[in-house]
Amino acid sequence: MKALDTKLWRDLQSLWAQVLTIALVVGIGVAGFVGMFSVHESLKNARDNFYRDKRMADVYIRIQRAPLPLQARLLALPGVADIQLNVVHDAQLALPHAQAPVTGRFVGLDLSRLQTPRQGINTLTLRSGRWPEPGRTLEAVVNERFAQVRHLKPGDQVQAILNGQLQTVKLVGTVITPEYVFASRGGEPDDKSFGVLWIDQHRMAEVFDMQGAFNQAAFRVYDSTDKKQVTAQLITQVDALLAPYGTRGAMGQDQQISARIVNDELSQMQVMGTVLPAIFLTVSVFILNGVIGRQVATQRQQMASLKALGYPDRRIAGHYMGLALGIAGLGLLTGLLLSQWIGRTMLGLYGEVFRLEHLDYATTPWLVATAVGLVLAAAMAGTWRAIRAVVRLRPAVAMQAPAPYRYRLSLIERVGLGRHVDASALMAIRHVERRPWRALFTVTGIAMAVALQISGAFWLDAIDHIVDVQYRQVLRGDVVVNFQQALAPSVQQDLLRLPGVMHAEVQRSEAVRFHAGSRNEEGMLLGLAQGASLTRVIDAEQGPVTLPTHGLVLSALLAHQLGVQQGEQVEVEFLMGRQHRARIQVMAIVHTMIGKQAFMDLEALHRLTREGAGVTAASLQVDPMAMPAFWQAVKQAPAIVSVLDKASSLAGFQETTSRNMGVFSTVLTLFAVAMAVGIVYNAARISLSEHAWELASLRVLGMTRAEVSVLLLAPLTAELLLALPLGAVCGWVLAAWLMHLMSSDNIDFPVVIAPDTYGWAALIVLTAGLVSALLVRREIDRLDLVAVLKVRE
């Protein structure tokens, strides 16, 4: 082994604790980058393969009712490769051993195509059981996730109210399909309260009186270089052709609710896989710079001897680069191993939510190569100053002790306050002022650890805020019931006669398209009665909003998309019913967090529709003691097509989000602790190596170990305390930035960070820092005073 190789090995051994802490910081950066992007690539590849193999539709449209002979005209539209016309209806579903009914989406299934190699668009994949068979018994296959969470298996029977008639449906199998990778009505995770069932399309048409008609169409577009342009043109043509039949507007695959949610998750994963690793690798650069720089400073005489013996500068510089690469290499290896755990854990969580056929974790070579490149860049950036010092240092100069720092009065002393500060504190202040850049890095690094902890924990605060606003302030009732068709407002009295119902409020929702100049957006217009208390319009910043007796209230997301301000007018196009247009003034804009919505007074909406009074849903307050009787009555109500049980929906939402966010928050907490330990420990070790002679001298002069420890750790403690408030500010900025990067057209979440989150973040990082400092303090107790005092740099 060559002499420099032997020296390199000995240097790594002597710095083993610092090597491990730096490697851990580098490793976390690598793990975050490789793990997050491996999950991103695994999920994206599984999605793309699933969409391609199962022929997911490129365009979707829901219609009120259209005749089947339109199929030939639709198929003849430019770019259309295949088309699927279907009957789809939501219905109330009563499950065995479940008190409250849930919502089932019934979809027609062409049984004659199940035996062919290709079923058509949005192919179903049978996961268990068998396919439905025609006959007197109504058989269905159900989406796999719903069956799992509801413990349903082939052979079970459920009760459904289909078109006002109570029907027994036998479940014969479970399936997955690209159309419902994420099965949801409104974008929220509701596996327990929403399921999709496929039954014979002929029986479906008979049950819902849809013979010779359809209410959903899906299109496949030919693959080509201009597929996006062809798809956009097809959406316009489909809208124009089907508009007379009442439609909510065609949408591309990217706007289909399941595909949109998967796309949003992929985008958010890219953000997290970029931002967090960048923070850790940047911190590792500064730590390496400090450690390698100090190593060069303490080995001046060794470098002088090597240069005098004929070693060229590049060999000596290569030695210190090798030291940095050894540390970075250990971090790279640690990161690649850690990324497997992070990636597989995250992919497992996604696998529970997204139902894809082959969701396997894999790390691609380009990710590893990129990680290697990033680590090499970090190592080189962290050692360039040290290498420059090695090259510039002449042997004669290196044999001498380095020039002492320029000592001068501190700022406190210059302004006349020095006499009020004791000697130990003055020494700590002078230490910080003497190396301001190092102090700035330490403070900034610790602040970033606090910010990282806050950015991981604030998601739980955001979820609590969403729950509070949506489930406690907006939805104040216990149950929301939706009707099969618009009913007279007098249905409110019928609802009050149900067991346990103490209060009922009716409402009306209409599918509309908003027009403002050249812009247009589709959304829902919700009409609420004056003084409604069970369903309210809540501004996330200002609280409850009283609806004006005339005019429109827009959500901030919708107003932003339309480019309108309060006081301006928009044109409202009703997509169902009479399908007329009306101009109406925007009276207010509210921040509703979720969805492109608009609100107005119920009576005003009745007049605006020109269809008379009619309500589509109602919010109910129910006596908890009467819930069993209430649910039994609801199951027998043919007019109620679906229900929202707030308690069940809230429990499901909290269970899913709390588990996923809990894992994410825990991982970031561990990362923040590792960062704090790496920064504080290395800063303390560097300070100890610089001041070992002075500390040993003070010990010989009679100072106790505790007093000497204070002189060493006081500057670091001050930097740690300064970093906490800065970290709180950085945490809010980082959280706001992440929220901005992850925002979408349908989400407008405010940055909400509870005081407890700031407190815990500061406490966790402070504890990690103090423990690291105390570990270095033990080295003071072990100082060999004679050996230290023999050498003076």
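The shown structure was predicted, so the numbers you read here are calculated from the model rather than taken from an experiment.

Participant: Mind showing me how you'd approach the overall build of the chain here?
Facilitator: Helices and strands together make up the secondary structure of the chain, namely 22 helices and 22 strands. Going through the 793 residues of the chain one by one, you find that 53% of them count as buried. The contacts in the chain between residues at least 6 apart in sequence include a share of 81% that link residues at least 24 apart. In the form shown here, the chain has an accessible surface area of approximately 35300 Å², with 57% of it arising from carbon and sulfur atoms.

Participant: Where do I start with the nonpolar core in this structure?
Facilitator: As a rule of thumb, soluble globular proteins bury nonpolar side chains together. Membership of the largest hydrophobic core comes to 115 residues, with the highest contact counts inside it found for Ile287, Phe354, Leu452, Phe671 and Met675. Setting aside residues up to four positions removed in sequence, Ile287 forms contacts with Ile22, Val25, Phe441, Gly678, Ile679 and Asn682. In this structure, Val87, Ala98, Leu152 and Leu197 belong to the second largest nonpolar core, which totals 25 residues.

Participant: Help me out: how do you make sense of unusual backbone geometry in this one?
Facilitator: Glycine aside, negative phi is the norm for most residues, and most peptide bonds take the trans geometry. Despite not being glycine, Arg55 shows a phi value in the positive range, around 55°. Of note, Arg55 is situated in the loop between α2 (16–53) and β1 (59–67). For Asn122, which is not glycine, the phi dihedral falls at a positive 55°. On the accessibility criterion, Asn122 (6% relative accessible area) is buried.

Participant: Mind showing me how you'd approach the sheet that holds strand β10 (residues 213–221) here?
Facilitator: Picture the strands of a sheet paired through backbone hydrogen bonds; they go either parallel or antiparallel. Across the sheet, which stays open at both edges, the four strands sit in the order β2-β10-β1-β11 with antiparallel pairing between neighbours. Edge strands, defined here as strands with exactly one partner in the open sheet, are β2 (80–86) and β11 (251–252). The pairing of β2 with β10 spans six bridges and is antiparallel. Among the inter-strand pairings, Val80 is bridged to a residue of β10, identified as Val221.

Participant: Mind showing me how you'd approach the pattern of salt bridges here?
Facilitator: Should the charged atoms of two oppositely charged side chains come close, the side chains can pair. Counted by the stated rule, this structure contains 20 salt bridges. Across the pair Arg508 and Glu510 runs a salt bridge, and its minimum N-O distance is 2.8 Å. In this structure, Arg508 and Glu510 share a single accessibility class: buried. Between Glu571 and Arg581 there is a salt bridge whose closest N-O contact spans 3.1 Å. Taken together, the residues span a long stretch of sequence, with Glu571 in strand β18 (residues 569–574) and Arg581 in strand β19 (residues 581–590) at a distance of 10 residues. If you follow the salt bridges from partner to partner, you end up with Arg513, Glu522, Glu571, Glu573 and Arg581 in one network.

Participant: Hey, could you run me through the packing of aromatic side chains in this one?
Facilitator: Between two aromatic rings, the relevant description is the distance of the centres plus the angle of the planes. Inspection of the entire model under this criterion finds six aromatic pairs. Three or more aromatic residues link up through ring pairs in this structure, and these residues are Phe182, Tyr350 and Phe354.

Participant: Where do I start with helix α1 (residues 3–14) in this structure?
Facilitator: Residue pairs three or four apart in sequence face the same way in an α-helix, which turns once every 3.6 residues. Between its first and last C-alpha atoms α1 spans 16 Å; for 12 residues at 1.5 Å apiece the expected length is 16 Å, and the two agree. Listing the buried residues of α1 in full gives Leu4, Lys7, Leu8, Asp11 and Leu12. Axial view of α1: buried residues confined to an arc of 135°, hence all on one face. Exposed side chains of α1 directed beyond 90 degrees from the buried face belong to Ala3, Trp9 and Arg10.

Participant: What is the right way to look at a nonpolar patch on the surface in this model?
Facilitator: Taken together, the side chains of Trp16, Leu20 and Leu330 define a hydrophobic patch exposed on the protein surface, amounting to about 310 Å² of accessible area. Along the chain, Trp16 turns up in helix α2.

Participant: What should I look at first to understand the packing of α2 against helix α9 (residues 313–353) in this one?
Facilitator: When two helices pack together, their arrangement is captured by the angle between the axes and the distance separating the axes. One way to put it is that α2 packs onto α9 with a least axis distance of 5 Å and a crossing angle of 40°. Comparing their axes, α9 and α2 come out oblique. As α2 runs across α9, the sense of the crossing is right-handed. Residues that form the contact of α2 with α9 fall into these classes: 22 nonpolar, seven polar and no charged.

Participant: How should I be thinking about the environment of Ala651 in this particular structure?
Facilitator: The residue Ala651 is located in helix α19 (residues 646–700) in this model. According to the relative accessible area criterion, Ala651 is partly exposed, its value standing at 43%. C-alpha of Ala651 to C-alpha of Asp190: the two residues are 461 residues apart in sequence and 9.7 Å apart in space.

Participant: Would you explain helix α17 (residues 602–609) in this entry?
Facilitator: Among the eight residues of α17, six are classified as buried, and the element is accordingly described as predominantly covered. All buried positions along α17 are accounted for by Leu602, Ala604, Leu605, His606, Leu608 and Thr609. With a side-chain oxygen lying 3.2 Å from the backbone nitrogen of Glu603, the N-terminal cap of α17 falls on Asp601. Downstream of α17 by one or two residues, Arg610 has phi in the positive range, about 65°.

Participant: What exactly am I supposed to notice about the pairing of strand β21 (residues 615–622) here?
Facilitator: Put simply, side chains in a regular strand alternate between the two faces of the sheet. For β21, the tally of buried residues reaches seven of eight residues, placing the bulk of the element in the interior. Alignment of strand β12 (residues 479–487) against β21, held across five bridges, turns out to be antiparallel. Counterpart to Val481 in the pairing with β21 is Ala618. Two strands pair when backbone bridges link them, and strand β13 (residues 501–516) and β21 are joined in this way by six bridges, in the antiparallel orientation. Bridge assignment links Ala504 to a residue of β21, and that residue is Leu620.

Participant: Can you walk me through the side chain of Gln92 in this structure?
Facilitator: Mapped onto the elements, Gln92 comes out in strand β3 (residues 88–94). For Gln92, the side chain forms a polar contact with the main-chain oxygen of Val634, separated by 3.3 Å. Once you skip the residues sitting within four places of it in the chain, Gln92 turns out to touch Pro101, Val102, Gln159, Ala160, Ile161, Val634, Lys635, Ala637, Ile640 and Val641.

Participant: Help me out: how do you make sense of the environment of Gln18 in this one?
Facilitator: Note on placement: Gln18 falls in helix α2. The class of Gln18 is buried, set by a relative accessible area of 6%. Taking the C-alpha atoms as reference points, Gln18 and Tyr681, 663 residues apart in sequence, are found 7.5 Å from one another.

What counts, and where the lines are drawn
Residues numbered from 1 in each chain as written. Predicted model: local features only at pLDDT ≥ 70, side-chain atom pairs only at ≥ 80, totals over all residues. Heavy atoms only, no water. Helix = DSSP H or I, 4+ residues; strand = E, 2+ residues; numbered from the N terminus. Buried < 20%, exposed > 50% of the residue type's maximum accessible area, 1.4 Å probe, protein only. Contact = heavy atoms within 4.5 Å. Areas by Shrake-Rupley, 256 points an atom, 1.4 Å probe, with all protein chains shown as cover. Core = buried A, V, L, I, M, F, W, Y, C linked by side-chain atoms within 4.5 Å. Pairing = 2+ DSSP bridges. Salt bridge = Lys/Arg side-chain N within 4 Å of Asp/Glu carboxyl O. Phe/Tyr/Trp six-rings, centres within 6.5 Å; stacked < 30°, edge-to-face > 60°. Expected span 1.5 Å × (residues − 1). Arc of directions from axis to C-beta. Patch = residues over 30% accessible without salt bridge, like charges linked within 9 Å, V, L, I, M, F, W, Y side chains within 5 Å. Axes fitted to C-alpha atoms, helices over the stretch in contact; angles between N-to-C directions. Parallel < 35°, antiparallel > 145°, perpendicular 65-115°, else oblique. Left-handed = near helix turned anticlockwise from the far one by under 90°. Nonpolar A, V, L, I, M, F, W, Y, C, P; charged D, E, K, R; others polar. Polar contact = N/O pair within 3.5 Å; in protein donor to acceptor, adjacent residues only side chain to side chain.

None of this, on its own, says anything about what the molecule does.
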